[in-house]
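Per-entry structural report
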Amino acid sequence: MKTPPRSSRCSALLAALVMFSAPAWSLARCPPEFGPKSPLVNAAGWVVVALGVVLGSLLFAVVVQRSRGVRWFFRAAAIVLGFAGMVVVSAGGLVLAVAFFFMRC
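So, a few notes on the structure that sits alongside this text. (Residues numbered from 1 in each chain as written. Predicted model: local features only at pLDDT ≥ 70, side-chain atom pairs only at ≥ 80, totals over all residues. Heavy atoms only, no water.)

1. Thoughts on the environment of Ser57
The residue Ser57 is located in helix α2 (residues 39-66) in this model. Owing to a relative accessible area of 35%, Ser57 belongs among the partly exposed residues under this scheme. Separated by 30 residues in the primary sequence, Ser57 and Val87 place their C-alpha atoms 8.8 Å from one another. Side-chain polar atoms of Ser57 contact the backbone oxygen of Val53, separated by 2.9 Å. (Helix = DSSP H or I, 4+ residues; strand = E, 2+ residues; numbered from the N terminus. Buried < 20%, exposed > 50% of the residue type's maximum accessible area, 1.4 Å probe, protein only. Polar contact = N/O pair within 3.5 Å; in protein donor to acceptor, adjacent residues only side chain to side chain.)

Right, here's the structure in full:
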């Protein structure tokens, strides 16, 4: 198996460094001409976060309740998948709130 040329490896390293530094650009300050953000925008963002947590918790509760009466292996797998779904839905609510409410100018 051949190793890639040195320039290709350097390009891949540079791309990885740029990719991991990209979130720092999202934390840049808004220009002064935008003015202060309305408190209603932040409140709406917190409502989205709370909705994600509530929906994720409800998903987990429904999965646990529906898995009753099933053999233990399948119930354990369902509970693990339900927990993973709860984390994904809750994190999704947080990501939506940050992207569309908290970090908007």
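2. Some words on the side chain of Ser90
With respect to the helices and strands, Ser90 occurs in helix α3 (residues 72-102). Classification of Ser90 by relative accessible area gives buried; the value is 18%. From its side chain, Ser90 meets the backbone oxygen of Met86 in a polar contact 2.9 Å long. The residues touching Ser90, leaving out its near neighbours within four places in the chain, are Gly52, Val53 and Gly56. (Contact = heavy atoms within 4.5 Å.)

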